[in-house]
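Secondary and tertiary structure notes
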Amino acid sequence: MNAGIRREKFAECAKMGDAIKIVQDAEVCHKSYSFYTSLGRVESMLKEDLPCLWLTRINSGAFDDLIENEKYGADEEQSRLFIKCFTYGFRESAAMWGLYCPATYKAIRVSVTERAIKSLVKSKCVEISSGKPKSNTIRAKMRVSDVVYASVKTKEDDPGRSTYLYWNGMRTKQVPSLFEDLHRKMTAGKLKDIEWSFEDEARLIAKVPDPKKSQHIAVKLTSEFINGMSFTLSPWADEDEERMVRDKLARLLRAVGRNNVSSENEKVFKPSVLKGALKKWAERRGLD
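The present account deals with the structure reproduced in this document. (Residues numbered from 1 in each chain as written. Predicted model: local features only at pLDDT ≥ 70, side-chain atom pairs only at ≥ 80, totals over all residues. Heavy atoms only, no water.)

1. Quick word on the overall build of the protein chain
When its secondary structure is counted, the protein chain shows eleven helices and 15 strands. For the protein chain, the C-alpha atoms occupy an extent of roughly 55 × 45 × 40 Å along the three principal directions. Split into buried and exposed, the 288 residues of the protein chain put 50% on the buried side. The long-range fraction of contacts in the protein chain, counting pairs at least 24 apart against all pairs at least 6 apart in sequence, stands at 78%. Accessible area of the protein chain: about 14600 Å², with a carbon and sulfur share of 47%. Taking the average location of the 51 positive side-chain charges in the protein chain and that of its 41 negative ones, the two points are 4 Å from each other. (Helix = DSSP H or I, 4+ residues; strand = E, 2+ residues; numbered from the N terminus. Buried < 20%, exposed > 50% of the residue type's maximum accessible area, 1.4 Å probe, protein only. Contact = heavy atoms within 4.5 Å. Areas by Shrake-Rupley, 256 points an atom, 1.4 Å probe, with all protein chains shown as cover. Lys, Arg positive; Asp, Glu negative; His and termini not counted. Charge placed at Lys NZ, Arg CZ, Asp CG, Glu CD.)

2. Some details on the pattern of salt bridges
Two side chains with opposite charge may pair up if their charged atoms get near one another. Scanning the model with the defined rule gives 14 salt bridges in all. Note that Lys-207 is salt-bridged to Glu-77, the shortest N-O span being 2.9 Å. Residue Lys-207 is located in strand β12 (residues 201-207), and its partner Glu-77 is located in helix α5 (residues 75-78); the two are separated by 130 residues in the primary sequence. For the salt bridge of Glu-114 with Lys-118, the shortest nitrogen-to-oxygen distance reads 3.8 Å. With Glu-114 and Lys-118 both in helix α7 (residues 114-121), this residue pair falls four residues apart, about one helical turn. Classification of Glu-114 by relative accessible area gives buried; the value is 18%. (Salt bridge = Lys/Arg side-chain N within 4 Å of Asp/Glu carboxyl O.)

3. Considering the packing of aromatic side chains
Applying the stated criterion across every chain yields a total of seven aromatic pairs. On the numbers, 6.3 Å between centres and 85° between planes, the contact of Trp-97 with Trp-236 is edge-to-face. Placement of Trp-97 in helix α6 (residues 94-100) and of Trp-236 in the loop between β14 (229-233) and α10 (239-255) is noted, with a sequence separation of 139 residues between them. By relative accessible area, Trp-97 is classed as buried at 0%. On the basis of relative accessibility, which here comes to 14%, the residue Trp-236 falls in the buried class. (Phe/Tyr/Trp six-rings, centres within 6.5 Å; stacked < 30°, edge-to-face > 60°.)

4. Structural notes on helix α2 (residues 16-26)
What α2 keeps buried is the set Met-16, Ala-19, Ile-20, Ile-22, Val-23 and Ala-26. Buried residues along α2 cover an arc of 160° about the axis, so they all sit on one side. Next to the buried residues of α2 lie α1 (3-12), β7 (141-146), β8 (148-152), β9 (163-167), α8 (178-181) and β11 (191-193). At the C-terminal side of α2, Glu-27 shows a positive phi close to 50°. (Arc of directions from axis to C-beta.)

5. Describing the pairing of strand β3 (residues 81-88)
Most of β3 sits inside the fold, with seven of its eight residues counted as buried. As paired strands, strand β2 (residues 52-57) and β3 are joined by two bridges and run antiparallel to one another. What sits directly across from Arg-57, in β3, is Phe-82. Across seven bridges, β3 lies against β12 in antiparallel orientation. Paired with Phe-82 across the two strands is Ala-206, which belongs to β12. (Pairing = 2+ DSSP bridges.)

Note that all results are geometric; they support no functional claim without further evidence.
In C-alpha cells:
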C-alpha cells in the first residue's frame, strides 16, 4: 500500500482498532528519523565496547509523558513495552530543540536513514544494570510504528476535545467508542494526546515476554545504523564549538567502526538552520 492510499484509508476509519492497524502495518514508512539530545548522551550511545540505544519502559517514572500510561493501555502490557522515540521527516523543529536539548553548544539532533531504522528491528536487546548496558541478551520482539494522536472527550461539555484520531496530517471520522476503548491492550504505546502531535512521533518498540520492573533496556547498534547517522549541530554553538563537536563525533564514529568519516563531511555534520534564532531561549534559562 503506498503512502497516499494509506493516508486515505486512515481518514475513512471510524473505529480505533482499524486506525491503529493501518498505522502499525505501515512500519518504517518515512525516509528520515531523528531525535534531539545532548553530546554527552551521544557519547554514551557510541561507547566503543558496546554501542547501544537506550529504550524506556512506558509506565516507568523515566518516561517523558507521565499521563500517557495512565490514559492509554493496560498496565501489564505497558510493563512489557520499552520504546525509543523519534520524530519523522527532514525538517528541524524549534520546539524539539527547546524541549529535549540543553540550550548550549552540546545540543545535538541525531538523524538516521530508513535503512538504519529497519536494521534495529533485527538487532538484539540487552539488560541495563548500574547504568550500563550488559552483554547478555534478552528476548524481545522489535518493531517500528508511528504514534496515533487522540482527541478524547471525557465529558459532554468539553469544547476543546472531540472523538477523532490523527496521524501524518490526516484525521479519521468520528470514533464514537474512543473513550471506552482507551484502556484496551492494543492502545499501549500506540496512542498519545493530540497536544503532542507537533512531534510527528515514531517509536522503536521492544516487547519483552514478561512484565519488567527495570526502567530501561538497550538495543545494540548495527553497522547499518552507525553508517546511517548524521548530525545537526546546536543552534546555540559558535564556529569553534561546532568544530570541536564535529571532531569529537567523528572520533566516536570511527571508534565504533564507521571508517573514513571526516569531521568536515557536510552530509554527516550540518549546522542548524535555526542558528542564531533561539538566543532568547538560552538567555531566559540563564545560560547566555
